[in-house]
Every structure is written in structure tokens, then in C-alpha cells.
Amino acid sequence: MVQSLSVDDFFAYPGPILDVRSPGEYEQGHIPEAISVPLFSDDERAQVGICYKRQGREDAIELGLDLVGTKLATFVRLAKGLADSSRWANEATRSIRVHCWRGGMRSGSMAWLLETAGLSVVTLDGGYKSFRHWVRSTLSQPKPIISLGGMTGTGKTLILHELAKLGEHVIDLEGLANHRGSSFGNLGLPPQPSTEHFENLLAMEWATLEASRAVWIEAESRRIGTCRIPEELFTPMMQAPVIQIGRSRAERIAHLVQEYGEVGDDGLIAATDRIRKKLGGLRTQQATEAIQHGDLATATDIILEYYDKTYTYDLNQKRDVPIYPVNLEGMNPKESAQHLMTQAQHFVHSLHNGRQDS
């Protein structure tokens, strides 16, 4: 008899996770590290659904069996190969975890097949839908937050990475979203996940962090590219104290030129044109011409006029939030992280106790 486990027990069980939903469902969002092994293609799933509505459950099951029958041996070989792979080879049993959308026939059928083939199989009670409930519940668990702020080009992401190396709790929202949070944010990065999958990735990281320790998060707007920060996290982020990084404009420009210098003119020009309405026609033309002539420093200086005004406006809205300016001029990311840890110590204790210093 195949066991059906809760989300936490499912995570604790050994073996690879097989997501037997359709490719489209998987693409929309999935359990991180789950492997897509679709019982039906998107088209086949649609056929079964239409049959169920028009002809009933029995006919839909028969159609499903017809569609899946030729794939059974492939499923077994794939599952055994995964169970025997180097990552899981030291486990006492050849274990597989299987789930579908609601823990129904798709995962049940696959689990029966794989158990019959000699594997130790468990399913996820309630399927991916129960995992999504777990995501919302996990993101609602309060943890003290330190918001790392600073104008564009102050190197906040690099500093977060160094803080993580030093053992601090860090959530890199831009890293999870594959976006730097501006019109230029997607340049040179992989495609963004859906907002749903962004939430999944975020919840998995949030669950690993201790509630007694402060979490460093970059100050962000509600959207990072196409990804939307869930309300459960965004609200406490807006209420968290801000460590405001300061660097000279020259240092910020140098950092941005280094970061975007290899992107290519076409991408930079297209991103500049996307903010034409806010930057202004003349300044957009000047920045574009500078890019075309290889003068990225001048182009960056022009574009920063818009981003600095926007950031200053957003910062001024945080009237009830303590802001701690910290000058990091001349410091590399590691030195910056070490300095910030020292500066943060005087209010981390009050954060843990649910208060914020003024």
C-alpha cells in the first residue's frame, strides 16, 4: 500500500521527486528540484478533461489508459535510473516520491506502477495543491528583517552574497526572480520564473531560516520584473528598518559599467528606450548616442538621473521606518558586508523582540 505523506514528511522522505502533471502545469510552478515526468502531454490532458466532461469518468479513464499504455515501460526505466543515480545511490531503499495536482489518479496510478516494478514509493497527500498551501503558510511565518537599501549601483546584491558567505541569513530576491529590478534588469540573465514559481522558490528558502535571526533582504518594489513579491513578505519588508548604503556617484557608475559592459548595445538601447517617457526624449537620445559611441559611463550618468529621483521618492515614503545611513565608499563587497554586520548589531536584538529602534 503506497503511503500518502504530508508536505513536511514528503520533503523528509528520501529519493527524487517525480511531478507527473502535464508540462504546462509544471512550467507554471513546481516543487523546486522536482523532475517533470508527465503522465499526459498538455494536449492529452486536455483530451481526457474534455472526455470527462462530455462522456463521464469511466470513458475518461479508458482514454487515459489508451494514452499512457505505451509509456509505462519508459516511466519505469526512468524512475529506476533516477533512484539509482549517484545522488540517491547511498539510500537503503530505491525510493521515489510522486505527486500530481491534487494527489489523485495520476500520482496514484504512477505510484502503483513504480511500486509494482520494485521501488519504494510515497505520494504527496493533496498533491501540488497542498504544497501551494504550505508555501502560503510558510511565507506567513514572521522573521525579523533588515532591509538593505541604496541607490542603483551601490552593489547591494554583491554585498548580500558576501553576507551569506559570512553566515548571515540572506534572501536574494533578484537572484530568485532572475531580474535586477529595473528596465535593464533582465539583460544577460535567464528567463524569469512565473510569479507562482518565484513564490515556491522563496518559500523553500524562507523555511530554512531560523526565526530567531534577522534576515537580510534588498529593499525592492512590489514587482521584480514580472515576478510579484507575495504580500506575506512584502508587508513586513516595508515595515523593516533600512540600512541605507552610500557611495559616490563615480563609484556607482564604475560598478554599473562593469556589470552591464558585456551586455551589448542593442539590449542597453532597448532598455533605455523603455524608460523614455520618464527620462525624457532628449536625455534618452543623449544616452542612446553615448551607448552607440561606447561611452557607457556617460550613458549611465544620464540614466541615473531617473533612477536616483525614483529611489529618493520611494525612500521618502518610509516615514515611519528607521533608516540607518552607512557610507561604504571605497569598500569592496566583502569589506562592505563585514562593516554592515557591525553597524547592524545595535538594532538586531530589538528586531528579535518584535520592536524597531527609532
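About the cut-offs
- Residues numbered from 1 in each chain as written.
- Predicted model: local features only at pLDDT ≥ 70, side-chain atom pairs only at ≥ 80, totals over all residues.
- Heavy atoms only, no water.
- Helix = DSSP H or I, 4+ residues; strand = E, 2+ residues; numbered from the N terminus.
- Buried < 20%, exposed > 50% of the residue type's maximum accessible area, 1.4 Å probe, protein only.
- Contact = heavy atoms within 4.5 Å.
- Areas by Shrake-Rupley, 256 points an atom, 1.4 Å probe, with all protein chains shown as cover.
- Patch = residues over 30% accessible without salt bridge, like charges linked within 9 Å, V, L, I, M, F, W, Y side chains within 5 Å.
- Salt bridge = Lys/Arg side-chain N within 4 Å of Asp/Glu carboxyl O.
- Lys, Arg positive; Asp, Glu negative; His and termini not counted.
- Charge placed at Lys NZ, Arg CZ, Asp CG, Glu CD.
- Expected span 1.5 Å × (residues − 1).
- Bend = angle between axes of the 7 residues up to and from the residue.
- Phe/Tyr/Trp six-rings, centres within 6.5 Å; stacked < 30°, edge-to-face > 60°.
- Lys NZ or Arg CZ within 6 Å of the ring centre and 35° of its normal.
- Core = buried A, V, L, I, M, F, W, Y, C linked by side-chain atoms within 4.5 Å.
- Pairing = 2+ DSSP bridges.
- Axes fitted to C-alpha atoms, helices over the stretch in contact; angles between N-to-C directions.
- Arc of directions from axis to C-beta.

Engineer: Looking at this structure, how should I read the overall build of the chain?
Structural biologist: Looking only at helices and strands, the chain features 17 helices and 12 strands. Across its three principal directions, the C-alpha atoms of the chain cover 70 × 50 × 40 Å. Counting across all 358 residues of the chain, residues that qualify as buried make up 44%. A separation threshold of at least 6 residues defines the contact pool for the chain, and within that pool the share at least 24 residues apart is 73%. With the model as given, the accessible surface of the chain reaches about 18,000 Å², and the carbon-plus-sulfur share is 52%.

Engineer: Explain a negative patch on the surface to me, please; I cannot follow it from the model alone.
Structural biologist: A contiguous patch of negative charge, built from Glu58, Asp59, Glu62 and Asp66, is present on the exposed surface. Summarising the element assignment, glutamate 62 is placed in helix α4 (residues 57–68).

Engineer: Would you take a moment to explain helix α16 (residues 296–316) for this structure?
Structural biologist: An α-helical segment advances 3.6 residues per turn. Residues three or four places apart therefore align on the same side. Between its first and last C-alpha, α16 extends 29 Å over 21 residues, near the 30 Å set by a 1.5 Å rise per residue. Residue leucine 304 marks the point of greatest curvature in α16, where the axis turns by about 30°. Among all positions in α16, only Leu296, Ala299, Thr300, Ile302, Ile303, Leu304, Tyr306, Tyr307, Asp308, Tyr311 and Leu315 are buried.

Engineer: Help me understand the packing of aromatic side chains in this model?
Structural biologist: The description of two aromatic rings rests on the distance between their centres and on the angle between their planes. One pass over the structure, following the stated rule, counts 7 aromatic pairs. Each ring, one from tryptophan 101 and one from tyrosine 128, has its centre 6.0 Å from the other, and the planes form 40°; the classification is tilted. With tryptophan 101 in the loop between β4 (95–99) and α6 (105–116) and tyrosine 128 in helix α7 (residues 127–139), this pair connects stretches of sequence that are 27 residues apart. Judged by relative accessible area, which is 1%, tyrosine 128 ranks as buried. Ring geometry for tyrosine 306 and tyrosine 307: centres 4.8 Å apart, planes at 55°, overall tilted. Joined through ring pairs, the aromatic side chains of Phe11, Trp101, Tyr128, Phe131 and Trp134 make up one cluster. Seen from the ring of tyrosine 128, arginine 21 lies directly overhead, with NZ or CZ sitting 4.0 Å from the centre. A cation sits over an aromatic face here: arginine 97 above phenylalanine 10, 5.8 Å from the ring centre.

Engineer: Honestly, the nonpolar core in this entry has me stumped. Any pointers?
Structural biologist: Soluble globular proteins tend to pack their nonpolar side chains together in the buried interior. Ile171, Leu173, Trp206, Ile217 and Leu233 are the most contacted members of the largest nonpolar core, which has 33 residues in total. Leave out the neighbours within four places in its chain, and isoleucine 217 touches Ile145, Ile146, Ser147, Leu148, Ile171, Leu173, Trp206, Leu233 and Met237.

Engineer: Would you take a moment to explain the sheet that holds strand β1 (residues 3–5) for this structure?
Structural biologist: Hydrogen bonds between backbone groups are what pair the strands of a sheet, and the pairing can be parallel or antiparallel. Taken in spatial order, the 5 strands line up as β1-β5-β4-β2-β3 in an open sheet, and their pairing is parallel. Among the strands making up the open sheet, the edge pair consists of β1 and β3 (35–36). Pairing geometry for β4 and strand β5 (residues 120–124), over 4 bridges, is parallel. Residue isoleucine 96 lies in a different strand from β5, and its bridge partner there is valine 121. On the sheet, helix α5 (residues 72–83) packs against β2 (17–19), β3 and β4 and is oriented at approximately 125° with respect to β4.

Engineer: Quick question: what am I supposed to make of helix α15 (residues 281–292) here?
Structural biologist: A rise of 1.5 Å per residue sets the reference length of α15, with its 12 residues, at 16 Å; its end C-alpha atoms lie 16 Å apart and thus fit the reference within 8%. Among all positions of α15, only Thr284, Ala287, Thr288, Ala290 and Ile291 are buried. All buried residues of α15 lie within an arc of 160° about the axis, which places them on one face of the element. Pointing more than 90 degrees away from the buried face of α15 are the exposed residues Leu282 and Gln292. Looking at the buried side of α15, the elements it contacts are α13 (265–274), α14 (276–279) and α16. The first or second residue beyond α15 is glycine 294, which carries a positive phi of 75°.

None of this, on its own, says anything about what the molecule does.
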